[in-house]
Amino acid sequence: YQSIRTELQLSNVYYAEGDSNRAKTIAADAVKAAQSANIRSLAANGLIDLGYTLLARGEFADTRSYLQQALDFARQDKSSRLEARARLALGSLGTQEGSFDEAISHLESALKFFQPAGYRTETSNALILLGRAHRDKGEYAVAMKAFSEQLELAKQSGDPARLAATHSSIGVLLGTNQEI
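These notes cover the structure that comes with them. (Residues numbered from 1 in each chain as written. Predicted model: local features only at pLDDT ≥ 70, side-chain atom pairs only at ≥ 80, totals over all residues. Heavy atoms only, no water.)

**Focus on the packing of helix α2 (residues 20–36) against helix α3 (residues 40–56)**
Logical step 1: Packing of α2 against α3 leaves a shortest axis separation of 9 Å and a crossing angle of 160 degrees. With respect to their mutual orientation, α2 and α3 come out roughly antiparallel. Both α2 and α3 take part in a crossing whose hand is left-handed. Between α2 and α3, the residues in contact are Ser20, Ala23, Lys24, Ala27, Ala28, Val31, Ala34 and Gln35 and Leu42, Ala43, Gly46, Leu47, Leu50, Thr53 and Leu54, respectively.
Logical step 2: Each residue belonging to the contact of α2 with α3 can be placed in one class, and the counts come to 10 nonpolar, 4 polar and 1 charged. (Axes fitted to C-alpha atoms, helices over the stretch in contact; angles between N-to-C directions. Helix = DSSP H or I, 4+ residues; strand = E, 2+ residues; numbered from the N terminus. Parallel < 35°, antiparallel > 145°, perpendicular 65-115°, else oblique. Left-handed = near helix turned anticlockwise from the far one by under 90°. Contact = heavy atoms within 4.5 Å. Nonpolar A, V, L, I, M, F, W, Y, C, P; charged D, E, K, R; others polar.)

**A closer look at the packing of aromatic side chains**
Logical step 1: Enumeration according to the criterion identifies 3 aromatic pairs in this entry.
Logical step 2: A network of ring pairs unites the aromatic residues Phe113, Phe114 and Tyr119 as a single cluster. (Phe/Tyr/Trp six-rings, centres within 6.5 Å; stacked < 30°, edge-to-face > 60°.)

In C-alpha cells:
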C-alpha cells in the first residue's frame, strides 16, 4: 500500500513540475499495482490523478475512461470523498469539452459533498468550474451566483491567485453584455 501511495505522490510531483510524460507513466504503473493488489481506493485516487494529467495534455477520450473507472471504484467502495473527487474531475472535463449539462451535473454532485464537509479548495474549484459551465451555456445569472459564492470563499482564504481568477471570471461574464 505504502509503495503505491508513494508512487502516486511522486507522479503528482512530476505533474506539478510540468513533466506530464513522467507523471503519466508513474501514475499508470501505480494504478496497475493498486488494481493488482485489489486496493480500489488507491486505484481510484491514481485514476483521478492520471485523469488530470491527461486532461492537461488534451487527451480527453482517455481522460473520460480513467475518470469513469475511478467513479465506478469510488461507488464500489462507497467512498463519498472519492466519488466527489471523480465528479469534480469529470466536471472539469465536461466544461473543457463543451458538455455543459454533464459538467453541471457532476459539479453540483461534487459540491453536495465538498461544501458541507468543509473542503474549501475543492469547493472553490467546483464553484469556478460550475460558473464557467453556466456562463458558456448562456445561463448568466446562475453563473454569477456561482462566481459570487466563489468570490466569498476566495476572500476568506486570502489567496490572491484565487481572487484574481474569480475576478477574471466575473469580468468575462460581465463582458458578455448580457443581462445578469
